[in-house]
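# Structural description and commentary
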Amino acid sequence: MDWPDFALFFAASWILIVTPGPDIVYVVTRGISQGRKAGMVSAAGVTMGILVHTVFASLGLAVILRTSALAFLAVKFAGAAYLVYLGIKAFMDRTEFAIGNDKPAAGTGTIFVQGVLSNVLNPKVALFFLAFLPQFVNPRYGDASVQMVGLGLTFAFFGFVFLVVLGYSAGGIGLWLARMRRIADKIRLVTGSILVLLGLRLAFMEQK
């Protein structure tokens, strides 16, 4: 990956990762209700779900690239439309980022599995990775599937670092986030802009 593409991938990944959403709510809520260990275990579970989607996305891309230009165009424009839709939805969604501490107590294994399933069973996550990761694949650097896996692992690592820190200090951070709606709104607007721009970038991307 060229440095400009990596810089864009790095910036977009972190903005998307820190945007308040179901993963953050799950990790922070577990951390608040059951302590630091539960928060970190939930972060590991969510990250594992991301890795599963990365593998599926890389295999799916390989199949698409081996079929036809028409299949590529169909997936490209569908992915672009989906990213733009997510961006517009982020602009319009003014739901408060609410953190509760009423999550039922659960064992470590249950917390981990719930974190994995919260991602694996969400088709929106699969669609997002299939639209997001291919934009940063460059044929000059080898097999597209291998690059996709590498990008997914990098994204998952970023997410794991953020979520583990969040889970470890969930008590203070959760209460702080619940009070700071203005910051959540600003992050939401930036995220919406990034998603729309990525959607437009994908729409004009040539087949690699």
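Residues numbered from 1 in each chain as written. Predicted model: local features only at pLDDT ≥ 70, side-chain atom pairs only at ≥ 80, totals over all residues. Heavy atoms only, no water.

### With respect to the overall build of the protein chain
Basically, it comes down to this: Each helix is a run of DSSP H or I of at least 4 residues and each strand a run of E of at least 2, with the numbering of both proceeding from the N terminus. When a residue's accessible area, from a 1.4 Å probe over protein chains only, is under 20% of the maximum for its type it is buried; when over 50% it is exposed; and in between it is partly exposed. Note on definitions: a residue-residue contact is assigned when non-hydrogen atoms from the two residues lie within 4.5 Å. Computed with a 1.4 Å probe, the accessible areas rest on the Shrake-Rupley method; for each residue, only the protein chains presented here act as cover.
Broken down by element type, the protein chain carries nine helices and zero strands. Counting helices and strands in the order they occur from the N terminus, the protein chain gives α-α-α-α-α-α-α-α-α. A buried classification covers 43% of the 208 residues belonging to the protein chain. Sequence separation of at least 24 residues holds for 86% of the intrachain contacts in the protein chain that already meet a minimum separation of 6. Total accessible area on the protein chain is roughly 10700 Å²; 72% of this is exposed by carbon and sulfur atoms.

### Brief notes about the confidence of the model for the protein chain
Cut-off, in case you're wondering: One number per residue, pLDDT, summarises how confident the predictor is, and it ranges from 0 to 100.
The share of residues in the protein chain with pLDDT of 70 or more is 72%, and the mean pLDDT across the chain is 76. When the elements of the protein chain are averaged for pLDDT, helix α8 (residues 170-179) gives the smallest value, 60, and helix α7 (residues 144-168) the largest, 88.

### A few points about the nonpolar core
Selection criterion: Within this scheme, the nonpolar core is defined by two criteria: the residues are buried Ala, Val, Leu, Ile, Met, Phe, Trp, Tyr or Cys, and they are joined through side-chain atoms within 4.5 Å.
Counting residues in each nonpolar core, the largest one holds 39 residues, and the members touching the most others are Phe9, Phe128, Phe129, Phe132 and Leu163. Of all the secondary structure elements, the ones that give two or more residues to this core are α1 (3-18), α2 (22-34), α3 (36-65), α4 (69-92), α6 (123-132), α7 and α9 (181-203). Here this core gets ten residues from one element, more than from any other, and that element is α7.

### Looking at the packing of α2 against α7
What counts here: Between N-to-C directions, angles span 0 to 180 degrees; the directions come from axes that are lines fitted to C-alpha atoms, helices contributing only their stretch in contact. In this scheme, a crossing is called left-handed if the near helix is turned counterclockwise away from the far one by less than a right angle; it is called right-handed if the turn is clockwise. Amino acid classes used here: Ala, Val, Leu, Ile, Met, Phe, Trp, Tyr, Cys and Pro are nonpolar; Asp, Glu, Lys and Arg are charged; the rest, including Gly, are polar.
The interhelical angle for the contact between α2 and α7, taken along N-to-C directions, is 30 degrees, at an axis separation of 8 Å. Seen along the crossing, α2 lies across α7 with a hand that is right-handed. Between α2, through Asp23, Ile24, Val27, Val28 and Gly31, and α7, the contact on the second element is made entirely by Phe162, Leu163, Leu166 and Gly167. A class-by-class count of the residues in the contact of α2 with α7 yields six nonpolar, two polar and one charged.

### Examining helix α5 (residues 108-120)
Because an α-helix packs 3.6 residues into every turn, residues spaced three or four apart end up facing the same way. Basically, it comes down to this: Here a helix's expected span is defined as the number of its residues, less one, multiplied by 1.5 Å. Picture the helix axis, draw a direction to every C-beta atom, and the arc is the one those directions span.
When the terminal C-alpha atoms of α5 are compared, their 19 Å separation across 13 residues agrees well with the 18 Å that a helix rising 1.5 Å per residue should span. Residues of α5 that are buried: Ile111, Gly115, Val116 and Asn119. When α5 is viewed along its axis, its buried side chains cluster within an angular range of 130 degrees and face the same direction.

### Quick look at α1
Given a rise of 1.5 Å per residue, 16 residues ought to cover 22 Å, and the 23 Å separating the end C-alpha atoms of α1 matches this to within 8%. Inspection of α1 places Asp5, Phe9, Ala12, Ser13, Leu16 and Ile17 among the buried residues, and these make up the whole buried set. Down the axis of α1, the sector holding all buried residues measures 130 degrees, keeping them to one side. Those residues of α1 that are exposed and aimed more than 90 degrees away from the buried face are Trp3 and Pro4.

### Remarks on the packing of aromatic side chains
Here is the rule: Pairing of aromatic rings covers Phe, Tyr and Trp, the last through its six-membered ring, and needs centres within 6.5 Å; plane angles under 30 degrees mean stacked, over 60 mean edge-to-face, and all others mean tilted.
Scanning the entire structure with this criterion turns up ten aromatic pairs. Consider the rings of Phe9 and Phe132, whose centres lie 5.9 Å apart with planes at 25 degrees: the pair is stacked. Of this pair, Phe9 sits in helix α1 while Phe132 sits in helix α6, and the two are 123 residues apart along the sequence. Accessibility classification places Phe9 together with Phe132 in one group, the buried group.

### With respect to the packing of α2 against α5
Quick reminder of the rule: By definition in this entry, angles of less than 35 degrees are roughly parallel, angles greater than 145 are roughly antiparallel, angles of 65 to 115 are roughly perpendicular, and the rest are oblique.
Viewed as axis vectors pointing N to C, α2 and α5 meet at an angle of 165 degrees, and their least axial separation amounts to 11 Å. Compared by their axis directions, α2 and α5 come out roughly antiparallel. Between α2 and α5 the crossing geometry is right-handed. Residue-level contacts link Asp23, Tyr26, Arg30 and Gln34 of α2 to Thr110, Ile111, Gln114, Gly115, Ser118 and Asn119 of α5.

### Structural notes on the environment of Val52
With respect to the helices, strands and loops of the structure, Val52 is situated in helix α3. On the basis of relative accessibility, which here comes to 25%, the residue Val52 falls in the partly exposed class. For Val52 and Ala126, which are 74 residues apart along the polypeptide, the C-alpha to C-alpha distance reads 9.1 Å.

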